[in-house]
Amino acid sequence: MGNRGMEELIPLVNKLQDAFSSIGQSCHLDLPQIAVVGGQSAGKSSVLENFVGRDFLPRGSGIVTRRPLILQLIFSKTEYAEFLHCKSKKFTDFDEVRQEIEAETDRVTGTNKGISPVPINLRVYSPHVLNLTLIDLPGITKVPVGDQPPDIEYQIKDMILQFIGRESSLILAVTPANMDLANSDALKLAKEVDPQGLRTIGVITKLDLMDEGTDARDVLENKLLPLRRGYIGVVNRSQKDIEGRKDIRSALAAERKFFLSHPAYRHMADRMGTPHLQKTLNQQLTNHIRESLPTLRSKLQSQLLSLEKEVEEYKNFRPDDPTRKTKALLQMVQQFGVDFEKRIEGSGDQVDTLELSGGARINRIFHERFPFELVKMEFDEKDLRREISYAIKNIHGVRTGLFTPDLAFEAIVKKQVVKLKEPCLKCVDLVIQELISTVRQCTSKLSSYPRLREETERIVTTYIREREGRTKDQILLLIDIEQSYINTNHEDFIGFANAQQRSTQLNKKRAIPNQVIRRGWLTISNISLMKGGSKEYWFVLTAESLSWYKDEEEKEKKYMLPLDNLKIRDVEKGFMSNKHVFAIFNTEQRNVYKDLRQIELACDSQEDVDSWKASFLRAGVYPEKDQAENEDGVQENTFSMDPQLERQVETIRNLVDSYVAIINKSIRDLMPKTIMHLMINNSKAFIHHELLAYLYSSADQSSLMEESADQAQRRDDMLRMYHALKEALSIIGDISTSTVSTPVPPPVDDTWLQTSSHSPTPQRRPAASAHPPGRPPAVRGPTPGPPLIPTPVGPAASFAAPPIPSRPGPQSVFANSDPFSAPPQIPSRPARIPPGIPPGVPSRRPPAAPSRPTIIRPAEPSLLD
């Protein structure tokens, strides 16, 4: 390839990409695209070819580039090209690449000058290129020819704007020197998408084809019609040179000779030509790389800091050290015991804010789920009265009893006490599930040693299961104890005398009137869409009513529902709903709310549903029985009993209600205590004092502390990542010190681009006679004067004084507008000007211009004196 600057950049980019590849990441430099914009036959394809250093694009007269060519340069060890439309074929001969471009263009656009916005995608793989994207665009034309549509000009402009609109694209605005620069469509389009001129570089082509006696010196010196990044002149191969197979290297040598030998350009030959264009573009790529370095460095440093703590443990790591294994085993078992206790007893550090866990879930079982299960087995009123009547009759036998038999009371109470076994055993099962789940959560920290984790889970779970049997036995023993002796002298028992005077209504509610039991958001989910659909309200549950409001301020009450005759039932979750639902209904078949027989209340989780149900229990609203009521003839006979039997049934009913409430209260108190003592506290003590001994007896230490393959791989990866990050940071530091970025040139007055229709032509200036007679011609007219080029000693010294007051004017903006010349070169520039040509006068004017003699005034001293 012919681009030396790009070849110097390649090792830098390769170093960066290798460093990032070593840490398993990609280096997102996202180098800018380079788009070439210009009129038809302006030499765009030649400029692009010269930058790449390869001869591979179609050439000719008229419109040759009729489809956008997206050229992707990709760094590779071998050199070849491939097209997106024929990926299977690799091109090693670049003449074949040119032929394929022409054939693919004709396939879509035809052979009669048609155009298409569908791009041709070409990839060139080479060891001499950076990963860049170059775009060759069709030339701007105004008159349709051949098969071109009438709006060809607008189509091409839209196509060009689509490609150069990206902020990361560099725009090469190509204009031939034998064309009026003020009418350059390329510069106008570039101005539309790049108003600040930060990414637009002017390229002047065909300098060797200008009329004799004219030149583009003022344009190339960025004085006449300035751009922020200035202009670069190039001399491309002519069509004759191309047909004569003149290679790019010979063309570059001829271009260099042209600039050195031309009197108007020789003083700036080092800033002209394709090599300088390559250097400028490569410097922009270097700037882009350097601008990306701080972000890349910050990213790597943050990763390095996050790894430092973990890597510290592994720096002196020896996997087979028995001392390390013993220490690690002791630390992990101790930490497991601490974590288990913290999860059960609660802790202020590492609090889970997303869901309940450990002890909090067990607490919910004790005080919400278990009371709810007790109430679910609450006896049905009709069934109970029927059972009491049967018991009284069976005890009296063939006789008619005169007194209420206490044996009927004992029989009914014992039957109710037996029903407590099921919810009590279910409570133990729920606690067991939570304990085992907590153990698994705590052993997750032992994942580095899978055998140790497995043995720990097995030993602790086995112990919990053993304690489960003893706990259940103890609970069944408690229930049997309650059955064994009915203590009618209990201080809370109402006794026979009070039982005959109490009504069942007084026992239903023991809560304090108007006491607020719960507040919270619930959704009424069974309101029809015609009436507004599901809506969320703020609910307030008291001992007497359920009210809901518009919001938590409780100012706008929507409804108040008395709790009399209400019950709860479960509702299946809807097919498309993720809400958990329960319903409230009236046992007397009345509407609960408006025309609804029941209101369905929805919560976000099952935990919320259980919590609300427990709150309703406290308010005296009980769940519906699971089994259907058997309303048969026996019931009718039961309720058609004689008045004496009815009084006896009512008395025993009140006694049973009072005594069962005492037992329920006792069981609700003893269950958590029994489970805590026999299961949870014993499990904690076992983990702290006996687990280590069980681990040592179950397997030898080396097998327990054998690392998992994943852990060993993770450790190796972490150490490799750590060293690779340090290496990448070192490479970034080397690149920062070995490359230099150029500052953005200062803004220039480019208003001529908006008012280009009134601008002068770039190659011709107004005649000197148009200026006032008392001033030197070099500072007259729309062009800048001598401040732009230091005046030589001697005959041109007369310009020393006048330029100074003119600096604040618009001309001074252009004084240093050439961004591509180093500051030390400015003073030496006039020495290259032929002595017969004073500065400020265009060299392309006719030699016999009358104003030339008037500029020579040898009497005044020089600025350099």
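**Digging into the overall build of the protein chain**
Alright, step 1. In terms of regular secondary structure, the protein chain is built from 24 helices and 17 strands.
Alright, step 2. Residue burial in the protein chain is summarised as follows: out of 865 residues, 49% are buried.
Alright, step 3. Summarising the internal contacts of the protein chain: among those between residues at least 6 apart in sequence, 76% fall at separations of at least 24.
Alright, step 4. When the accessible surface of the protein chain is split by element, carbon and sulfur atoms take 51% of a total near 43,700 Å².

**Some points on the pairing of strand 4 (residues 86–91)**
If a strand is regular, its side chains alternate between the two faces of the sheet.
Alright, step 1. As paired elements, strand 3 (residues 80–83) and strand 4 share two bridges and run antiparallel to each other. Directly across from Phe83, in strand 4, lies its bridge partner Cys86.
Alright, step 2. Turn length for the strand 3-strand 4 hairpin, with the two strands adjacent in sequence and antiparallel, is two residues.

**Some thoughts on the nonpolar core**
Alright, step 1. In this structure, Phe409, Val431, Leu435, Leu452, Met671 and Ile675 are the most contacted members of the largest nonpolar core, which totals 65 residues.
Alright, step 2. Those elements that provide at least two residues to this core are helix 10 (322–345), helix 11 (359–376), helix 12 (381–396), helix 13 (406–418), helix 14 (421–442), helix 15 (450–484), helix 20 (643–689) and helix 21 (691–698).
Alright, step 3. The element best represented in this core is helix 20, accounting for 16 residues.
Alright, step 4. Judged by nonpolar contacts, the second largest core, of 41 residues, contains Ile164, Leu224, Leu227 and Met272.

**A look at the pairing of strand 10 (residues 516–524)**
Alright, step 1. In the sheet, strand 10 pairs with strand 11 (residues 535–542) via eight bridges, with the strands oriented antiparallel. Each residue of the ladder has a partner; that of Trp521, found in strand 11, is Trp538.
Alright, step 2. Relative to strand 16 (residues 598–603), strand 10 is paired through two bridges, and the arrangement is antiparallel. Pairing of Thr523 across the sheet is with Ala602, part of strand 16.

**Comments concerning helix 4 (residues 152–164)**
Alright, step 1. When the terminal C-alpha atoms of helix 4 are compared, their 18 Å separation across 13 residues agrees well with the 18 Å that a helix rising 1.5 Å per residue should span.
Alright, step 2. Burial in helix 4 covers these residues: Ile152, Glu153, Ile156, Met159, Ile160, Phe163 and Ile164. Here the buried residues of helix 4 occupy an arc of 135 degrees about the axis, which is enough to place them on one side. With respect to the buried face of helix 4, the exposed residues turned more than 90 degrees away are Tyr154, Asp158 and Gln162.
Alright, step 3. Against strand 1 (33–38), strand 2 (69–75), strand 6 (132–136), strand 7 (169–176) and helix 5 (185–193) lie the buried residues of helix 4.

**A look at the environment of Asp734**
Alright, step 1. Positionally, Asp734 belongs in helix 23 (residues 709–738).
Alright, step 2. When its relative accessible area of 42% is taken as the criterion, Asp734 is described as partly exposed.
Alright, step 3. For Asp734 and Leu12, which are 722 residues apart along the polypeptide, the C-alpha to C-alpha distance reads 9.2 Å.

**Side note on the packing of helix 4 against helix 5**
Alright, step 1. The N-to-C vectors of helix 4 and helix 5 enclose an angle of 50 degrees; their axes lie 10 Å apart at closest approach. When the axes of helix 4 and helix 5 are compared, the pair comes out oblique. Read as a crossing pair, helix 4 and helix 5 show a hand that is right-handed. Contact residues: Lys157, Ile160, Leu161 and Ile164 in helix 4; Asp185, Leu189, Ala190, Glu192 and Val193 in helix 5.
Alright, step 2. Split into classes, the residues belonging to the contact of helix 4 with helix 5 amount to six nonpolar, no polar and three charged.

**Considering unusual backbone geometry**
Alright, step 1. In this model, Asn222 sits at a positive phi of 60 degrees, which is unusual for a non-glycine residue.
Alright, step 2. As for its position among the elements, Asn222 is in the loop between helix 6 (217–220) and strand 9 (231–233).
Alright, step 3. Owing to a relative accessible area of 0%, Asn222 belongs among the buried residues under this scheme.
Alright, step 4. Phi is positive for Glu554, which is not a glycine, with a value near 60 degrees.
Alright, step 5. Within the secondary structure, Glu554 sits in the loop between strand 12 (545–549) and strand 13 (557–562).
Alright, step 6. Judged by its relative accessible area of 26%, Glu554 is partly exposed.

**Structural notes on the packing of helix 14 against helix 15**
Alright, step 1. Remark: helix 14 packs on helix 15, axes separated minimally by 10 Å, with the N-to-C direction vectors making an angle of 165 degrees. The angle between helix 14 and helix 15 falls in the class roughly antiparallel. Crossing hand, helix 14 versus helix 15: right-handed.
Alright, step 2. For the contact of helix 14 with helix 15, a count of residues per class yields twelve nonpolar, two polar and nine charged.

**Describing the sheet that holds strand 14 (residues 566–571)**
Across a sheet, strands are paired by hydrogen bonds formed along the backbone, either parallel or antiparallel in direction.
Alright, step 1. Spatial ordering of the open sheet is given by 13-12-11-10-16-15-14-17, a layout of eight strands whose pairing is mixed. In this open sheet, the two edge strands, each paired with only one partner strand, are strand 13 and strand 17 (622–623).

**Thoughts on the packing of aromatic side chains**
Alright, step 1. Counting across every chain of the model gives 14 aromatic pairs.
Alright, step 2. Look at Phe83 and Phe91: their rings are 5.3 Å apart centre to centre, the planes differ by 90 degrees, and that puts the pair in the edge-to-face class. Residues Phe83 and Phe91 agree in their burial class; the two are buried.
Alright, step 3. Centre to centre, the rings of Tyr559 and Tyr593 are 4.9 Å apart; their planes meet at 70 degrees, and the pair counts as edge-to-face. Pair noted here: Tyr559 is in strand 13 and Tyr593 is in the loop between strand 15 (580–586) and strand 16, with a separation of 34 residues, a long-range link.
Alright, step 4. The class of Tyr559 is partly exposed, set by a relative accessible area of 29%.

Analysis parameters
Residues numbered from 1 in each chain as written. Predicted model: local features only at pLDDT ≥ 70, side-chain atom pairs only at ≥ 80, totals over all residues. Heavy atoms only, no water. Helix = DSSP H or I, 4+ residues; strand = E, 2+ residues; numbered from the N terminus. Buried < 20%, exposed > 50% of the residue type's maximum accessible area, 1.4 Å probe, protein only. Contact = heavy atoms within 4.5 Å. Areas by Shrake-Rupley, 256 points an atom, 1.4 Å probe, with all protein chains shown as cover. Pairing = 2+ DSSP bridges. Core = buried A, V, L, I, M, F, W, Y, C linked by side-chain atoms within 4.5 Å. Expected span 1.5 Å × (residues − 1). Arc of directions from axis to C-beta. Axes fitted to C-alpha atoms, helices over the stretch in contact; angles between N-to-C directions. Parallel < 35°, antiparallel > 145°, perpendicular 65-115°, else oblique. Left-handed = near helix turned anticlockwise from the far one by under 90°. Nonpolar A, V, L, I, M, F, W, Y, C, P; charged D, E, K, R; others polar. Phe/Tyr/Trp six-rings, centres within 6.5 Å; stacked < 30°, edge-to-face > 60°.

Distances and angles like these do not, on their own, reveal function.
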